[in-house]
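Structural features, examined
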Amino acid sequence: MKKTILLFALILVSCYKQERTCKDFKTGKFTSETTVEGKKFTSSFERNDSIQIENYNNVIDTFSIRWINECEYILENVRPKNRNEKKAVHVKILNTKDLKYNFEYSFVGDAKKQFGSVTKQQ
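Described below are features of the structure shown in this document. In this text, all values refer to a predicted model and were calculated from it rather than measured experimentally. (Residues numbered from 1 in each chain as written. Predicted model: local features only at pLDDT ≥ 70, side-chain atom pairs only at ≥ 80, totals over all residues. Heavy atoms only, no water.)

Counting its secondary structure elements, the chain contains 1 helix and 8 strands. Scanning the chain from its N terminus toward the C terminus, one meets helices and strands in the order α-β-β-β-β-β-β-β-β. Across the chain, the fraction of contacts at a sequence separation of at least 24, relative to all contacts at a separation of at least 6, is 26%. (Helix = DSSP H or I, 4+ residues; strand = E, 2+ residues; numbered from the N terminus. Contact = heavy atoms within 4.5 Å.)

Attention shifts here to the nonpolar core. Counting residues in hydrophobic clusters, the biggest one holds 17 residues, and the most contacted among them are Y73, L75, V91, Y101, F103 and V118. Taken together, the elements giving at least two residues each to this core come down to β4 (59-69), β5 (72-77), β6 (89-97) and β7 (100-107). Y101 has contacts with F25, F45, R47, Y73, I93, N95, T96, G116, S117 and V118, leaving out every residue within four places of it along the chain. (Core = buried A, V, L, I, M, F, W, Y, C linked by side-chain atoms within 4.5 Å. Buried < 20%, exposed > 50% of the residue type's maximum accessible area, 1.4 Å probe, protein only.)

This part takes up a negative patch on the surface. A contiguous patch of negative charge on the surface is contributed by E19, D24, E70 and D98. With respect to the secondary-structure elements, D24 resides in the loop between α1 (2-16) and β1 (28-36). (Patch = residues over 30% accessible without salt bridge, like charges linked within 9 Å, V, L, I, M, F, W, Y side chains within 5 Å. Areas by Shrake-Rupley, 256 points an atom, 1.4 Å probe, with all protein chains shown as cover. Salt bridge = Lys/Arg side-chain N within 4 Å of Asp/Glu carboxyl O. Lys, Arg positive; Asp, Glu negative; His and termini not counted. Charge placed at Lys NZ, Arg CZ, Asp CG, Glu CD.)

Moving on, we come to unusual backbone geometry. Even without being a glycine, E37 presents a positive backbone phi close to 50 degrees. Positionally, E37 belongs in the loop between β1 and β2 (39-47). Judged by relative accessible area, E37 falls into the exposed class, the value being 78%. The phi angle at D98 is positive, at roughly 55 degrees, despite the residue not being glycine. Within the fold, D98 resides in the loop between β6 and β7.

Here, disulfide denotes a covalent bond that connects the sulfur atoms of two cysteines. Under the definition given, this model contains 1 disulfide. The disulfide partner of C22 is C71, and the gap between their sulfur atoms is 2.0 Å. Measuring the twist about the S-S bond at about 100 degrees, one finds the C22-C71 disulfide to be right-handed. You can see C22 sitting in the loop between α1 and β1 and its partner C71 sitting in the loop between β4 and β5, a full 49 residues away along the chain. Taken as a pair, C22 and C71 share a single burial class, namely buried. (Disulfide = S-S within 2.5 Å.)

Now for the pattern of salt bridges. Within the structure shown, the criterion is met by 2 salt bridges. For E33, the salt bridge identified is with K40, shortest N-O distance 3.6 Å. You can call K40 exposed: its relative accessible area is 54%. Across the pair D61 and K81 runs a salt bridge, and its minimum N-O distance is 3.2 Å. Pair noted here: D61 is in strand β4 and K81 is in the loop between β5 and β6, with a separation of 20 residues, a long-range link. Residue class for D61 comes out buried when judged on its relative accessible area of 16%. The exposure class assigned to K81 is exposed, which follows from its relative accessible area of 60%.

Everything listed here is a matter of geometry and, on its own, says nothing about what the molecule does.
Quick look at the structure:
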């Protein structure tokens, strides 16, 4: 009986394990979608292992990217125009599937999390 329960628990856990192959998303061209206060925002960006260049509403920003571990990184605006743009952003990849990942992000030190998704272009 105990073996049956243990086997069932292992099967259940393996079914709910979320895939995280974050290394596949360290470089390339991407499209990002986030929703803030009910409003959807879309941007495109290209990244290598240390720089991310983002295009949002025809405004191009460059960010340095520092990987904390395989699935978390810090973005900092290279040329901030105001105090708010000087704040670093912490991004955590929550799960990956095929060419897409879901993430949470917040300003470093801020408890309020926002969520979004990214699709890698082929």
